[in-house]
Amino acid sequence: MALFDKIFDIAKTKDSLDEYLKYHMADINDFYNLPYEDLKQEIGFIELFILKKRQILRSLSYDKTYARSFLLILLDLCTRFNLLAATSTVHQIMIQHNIPCNKRMSAALAYIDPKPSSNDEYINRFTSICDLLESAIQEEEDSSTNSIATFLNYLGTVVQDTNDIYIKRIKEQIQSASSSATYQFINHPAIIAAIQIDTSDQERASVQIQTIVDDLLGNVHSDLKSNYKDTPSLIEDITDYAEEIRCIGPHYKRIRKVSVDKSNGEAKTNRGVAILENEAELYEYMKRFGNMHKAKLDSALQSPFPQKWDQPINLYDWGCGQGIASMVFLEKYQTANINRVMLIEPSEIAISRAALHVSVYRPEVEIRTVCKKLDDLDPTDFNSSGANTHIHMFANILDIDDYSPSHLLELMDKAFPGVNYFVCTSPYIDDIKAERLNSFMRYFQNNYDSFVEISRATNQKIPGAIFWSCNNMYKGNPCDTHNDNALFCMNRWSRITRVFCIEK
């Protein structure tokens, strides 16, 4: 049965729909990340669900992130497939419940709701759409990827709904904006590739644009495993950086300063969510995000999280990057009885550096590296030995799009017997991403009687939200745009932290 056909049957009342969403957002996120052709097969069910169940959708309680996330996912799907009536319905529900629409989604609505009254209007909305997307990339999104996908959906709508004259005009607008560098995102290779598509067959061209969107978002089918190395000896060694770090010793602030000094500010890290590919990107990432990541982790590791570990523990750093979470943990728990540190990360250069960093903190501890994406992991990668307590550091990884939540949860069920602590931290980008952390925790709450929530924190980067910290305050400096009476700091940090434990 198709997912939304199933949800249609379940949603007989607002309570039955709410109950389903509360415990099945992992399935909905898996669906959300499917390739275009797979989504297309269900689009009729989605449209029917929205239009026939609109009263139930209107009556849901949207003070819960899973309900807001579901509605925003519906809006994204509607705008991608140009579902005019369904888009308008979802948008009206958002207005009714005061659910904010970020700039990227506002850009998507700009070419659909209200529907342009003429082909000229599709073209006339180009500047306002680009302005919103540029602002979204600069101020809201954790990467440019989703905003570029939204622009490609706009282009695809013009290709599908207008004619050769207006398709030519939109391409000219893009080329002009590219030449004048009006918008930074407009020169992205995906957009350049899209405007080179032959549009003589408009339907075929529209599908080709969606193929580019799939490739951009990583929503492609593959039966092949990503290339990886699984070895305990994947570690950076015999480099100038390794020699310098070993001389510095186990001091996070000093280690980060090496990257700050070596960064030239030119490397692109896609707001810290792209897989790092070279040393310049390693330096830039640590310079831009090192303080912010450490601050979130420090806050998550505060009491009531255990402040001492007498029993042997295994430490797992999921999506470890350069090992920031491991360094923060090891710096705080210097005398902890660490049995093993396991690093999981798809970037070979990043995981090698992470192993180096961990070795500086605890040279006597076994370090194991698994250079894979999350979806390529299986229980055999995690044969536990020597410790019955496991600390899982999920720092800036659960909110990304490039994995299956259901696969990760299944992996958690099958491995790690004993006591498991989960430290989950991310920036608060939007409700869809925040719900990935919430649904991850709710899964254990619903399936393990031993579940204990230890702490949580939520701070958004929007005017009026509760202030947490910013780079100036973290460094102990005054912040000109924030004081006890100010409501907003342009450089404020957001966070979502969820800390809990189970025993199995």
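Relevant structure appears above.
One structure accompanies this document, and this report is about it. Computed from a predicted model, the values in this text were never measured in an experiment.

### Some points on the overall build of the chain
Part 1 of the argument: Along the chain, the regular secondary structure elements total 21 helices and ten strands.
Part 2 of the argument: Relative to its length of 504 residues, the chain is compact, with a C-alpha radius of gyration of 24 Å against a globular reference of 23 Å.
Part 3 of the argument: Expressed as lengths along the three principal axes of its C-alpha atoms, the size of the chain is roughly 70 × 55 × 55 Å.
Part 4 of the argument: Evaluated residue by residue, the chain yields a buried proportion of 56% over its 504 residues.
Part 5 of the argument: As displayed, the chain has an accessible area near 21,700 Å², and 47% of this comes from carbon and sulfur atoms.

### What about the pattern of salt bridges?
Part 1 of the argument: For the structure on display, the rule yields 24 salt bridges.
Part 2 of the argument: Two residues, K308 and D310, come together in a salt bridge whose shortest N-O distance is 3.9 Å.
Part 3 of the argument: Residue classification places K308 among the exposed residues on the basis of a relative accessible area of 62%.
Part 4 of the argument: With a relative accessible area of 57%, D310 lands in the exposed category.
Part 5 of the argument: Residues D381 and K372 are paired through a salt bridge, measuring 2.9 Å at the closest nitrogen-oxygen approach.
Part 6 of the argument: Overall, the relative accessible area of 3% leaves D381 in the buried class.

### Structural notes on the packing of aromatic side chains
Part 1 of the argument: All chains considered together, the criterion is met by 36 aromatic pairs.
Part 2 of the argument: Ring centres of W318 and F416 lie 6.1 Å apart, and the angle between their planes is 75 degrees; on these two criteria the pair is classed as edge-to-face. Of this pair, W318 sits in strand β2 (residues 313–318) while F416 is found in the loop between α19 (405–414) and β6 (419–426), placing the two residues 98 residues apart along the sequence.
Part 3 of the argument: Classification of F416 by relative accessible area gives buried; the value is 0%.
Part 4 of the argument: Each member of the aromatic cluster is reached from another via a ring pair, and the members are Y316, W318, F382, F394, F416, F422, F440, Y443, F444, Y448, F451 and F500.
Part 5 of the argument: One residue, K53, lies across the ring of F8, its end atom 4.5 Å from the ring centre.
Part 6 of the argument: Directly above the ring of Y333 sits K332, whose terminal nitrogen or CZ lies 5.6 Å from the centroid.

### Re the packing of helix α16 (residues 279–300) against helix α18 (residues 348–361)
Part 1 of the argument: Where α16 meets α18, the closest approach of the two axes is 10 Å, and the angle between their N-to-C directions is 60 degrees. The orientation of α16 with respect to α18, classified from their angle, is oblique. Every pair of crossing elements has a handedness; the one defined by α16 and α18 is right-handed. The segment α16 lies against α18, with E279, L282, Y283 and M286 engaging I349, A350, R353 and H357.
Part 2 of the argument: Residue composition of the contact of α16 with α18, by class: five nonpolar, one polar and two charged.

### Here we look at the environment of Q302
Part 1 of the argument: The residue Q302 is located in the loop between α16 and β2 in this model.
Part 2 of the argument: Overall, the relative accessible area of 47% leaves Q302 in the partly exposed class.
Part 3 of the argument: The spacing of Q302 and E172 is 130 residues in sequence and 55 Å in space, taken between C-alpha atoms.

### Overview of the packing of helix α2 (residues 14–32) against helix α3 (residues 36–52)
Part 1 of the argument: Where α2 contacts α3, the two axes come as close as 15 Å, and the packing angle between them is 155 degrees. Classified by the interaxial angle, the pair formed by α2 and α3 is roughly antiparallel. Like other packed secondary-structure pairs, α2 and α3 cross with a definite hand, here left-handed. Side by side, α2 and α3 meet where L17, F31 and Y32 of the first sit next to L39, E42, I46 and F49 of the second.

The rules behind these values
- Residues numbered from 1 in each chain as written.
- Predicted model: local features only at pLDDT ≥ 70, side-chain atom pairs only at ≥ 80, totals over all residues.
- Heavy atoms only, no water.
- Helix = DSSP H or I, 4+ residues; strand = E, 2+ residues; numbered from the N terminus.
- Rg over C-alpha atoms; globule rule 2.2 N^0.38 Å.
- Buried < 20%, exposed > 50% of the residue type's maximum accessible area, 1.4 Å probe, protein only.
- Areas by Shrake-Rupley, 256 points an atom, 1.4 Å probe, with all protein chains shown as cover.
- Salt bridge = Lys/Arg side-chain N within 4 Å of Asp/Glu carboxyl O.
- Phe/Tyr/Trp six-rings, centres within 6.5 Å; stacked < 30°, edge-to-face > 60°.
- Lys NZ or Arg CZ within 6 Å of the ring centre and 35° of its normal.
- Axes fitted to C-alpha atoms, helices over the stretch in contact; angles between N-to-C directions.
- Parallel < 35°, antiparallel > 145°, perpendicular 65-115°, else oblique.
- Left-handed = near helix turned anticlockwise from the far one by under 90°.
- Contact = heavy atoms within 4.5 Å.
- Nonpolar A, V, L, I, M, F, W, Y, C, P; charged D, E, K, R; others polar.

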